[in-house]
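Notes for the structure review
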Amino acid sequence: MPASSPIDQIAERVERLLVRHEEVQRTNALLQEQVDALTRERDGLKSRLAAARTRLDALLERLPAEPPSEDSHHA
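Residues numbered from 1 in each chain as written. Predicted model: local features only at pLDDT ≥ 70, side-chain atom pairs only at ≥ 80, totals over all residues. Heavy atoms only, no water.

By the naming in an unreviewed UniProt entry, the protein chain is Cell division septum initiation protein DivIVA, taken from Variovorax boronicumulans.

In structure tokens, the structure reads:
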């Protein structure tokens, strides 16, 4: 079998690069889906945290003012 010509070698390399490019594109698409899902999850958690803080602030406002300490009256 004769040695491959430079053109054949280049064509082979281009084919391998195209296959690799397609693999990288697929991987990138999957990673982008993961980023999108995690971004949505983070946004949801931030929203829940803000709502919890609001509820907590409202509960704290309903607490009576702290009475003076009993220890300060006994000397």
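Another aspect to go through is the overall build of the protein chain. Within the protein chain, the secondary structure is distributed over 1 helix and 0 strands. Expected size for 75 residues packed as a compact globule is a radius of gyration near 11 Å; at 33 Å, the protein chain overshoots this value by more than 25%. Dimensions of the protein chain, computed from C-alpha atoms along their principal axes, come out at roughly 105 × 30 × 15 Å. Here the protein chain holds 75 residues, and 0% of them are scored as buried. Accessible area for the protein chain stands at about 7,500 Å²; split by element, carbon and sulfur atoms hold 58% of it. (Helix = DSSP H or I, 4+ residues; strand = E, 2+ residues; numbered from the N terminus. Rg over C-alpha atoms; globule rule 2.2 N^0.38 Å. Buried < 20%, exposed > 50% of the residue type's maximum accessible area, 1.4 Å probe, protein only. Areas by Shrake-Rupley, 256 points an atom, 1.4 Å probe, with all protein chains shown as cover.)

With that settled, the discussion passes to a nonpolar patch on the surface. Taken together, the side chains of Ile10, Val14 and Leu18 present a nonpolar region at the surface, about 260 Å² in accessible area. Among the secondary structure elements, Leu18 is positioned in helix H1 (residues 6-62). (Patch = residues over 30% accessible without salt bridge, like charges linked within 9 Å, V, L, I, M, F, W, Y side chains within 5 Å. Salt bridge = Lys/Arg side-chain N within 4 Å of Asp/Glu carboxyl O.)

Scanning the entire structure with this criterion turns up 3 salt bridges. The salt bridge partner of Arg16 is Glu12, with a shortest N-O separation of 3.4 Å. Taken as a pair, Arg16 and Glu12 lie in helix H1 at a separation of 4 residues, close to a single helical turn.

A word on the UniProt feature "coiled-coil region" (unreviewed entry) in the protein chain. Feature annotation in UniProt places "coiled-coil region" (unreviewed entry) on residues 7-62, given in this structure's numbering. This span, residues 7-62, is 100% helix and 0% strand, and a straight line between its end C-alpha atoms measures 81 Å. (UniProt positions renumbered as here; feature names shortened; annotations may be inferred.)

Before going further, it helps to spend a moment on the environment of Thr54. Tracing the chain through its elements places Thr54 in helix H1. For Thr54, a relative accessible area of 54% corresponds to the exposed category. Only 3.0 Å separates the side chain of Thr54 from the backbone oxygen of Ala50, close enough to count as a polar contact. (Polar contact = N/O pair within 3.5 Å; in protein donor to acceptor, adjacent residues only side chain to side chain.)

Positionally, Glu22 belongs in helix H1. Sequence-wise, Glu22 and Ser47 are 25 residues apart; in three dimensions their C-alpha atoms are separated by 38 Å.

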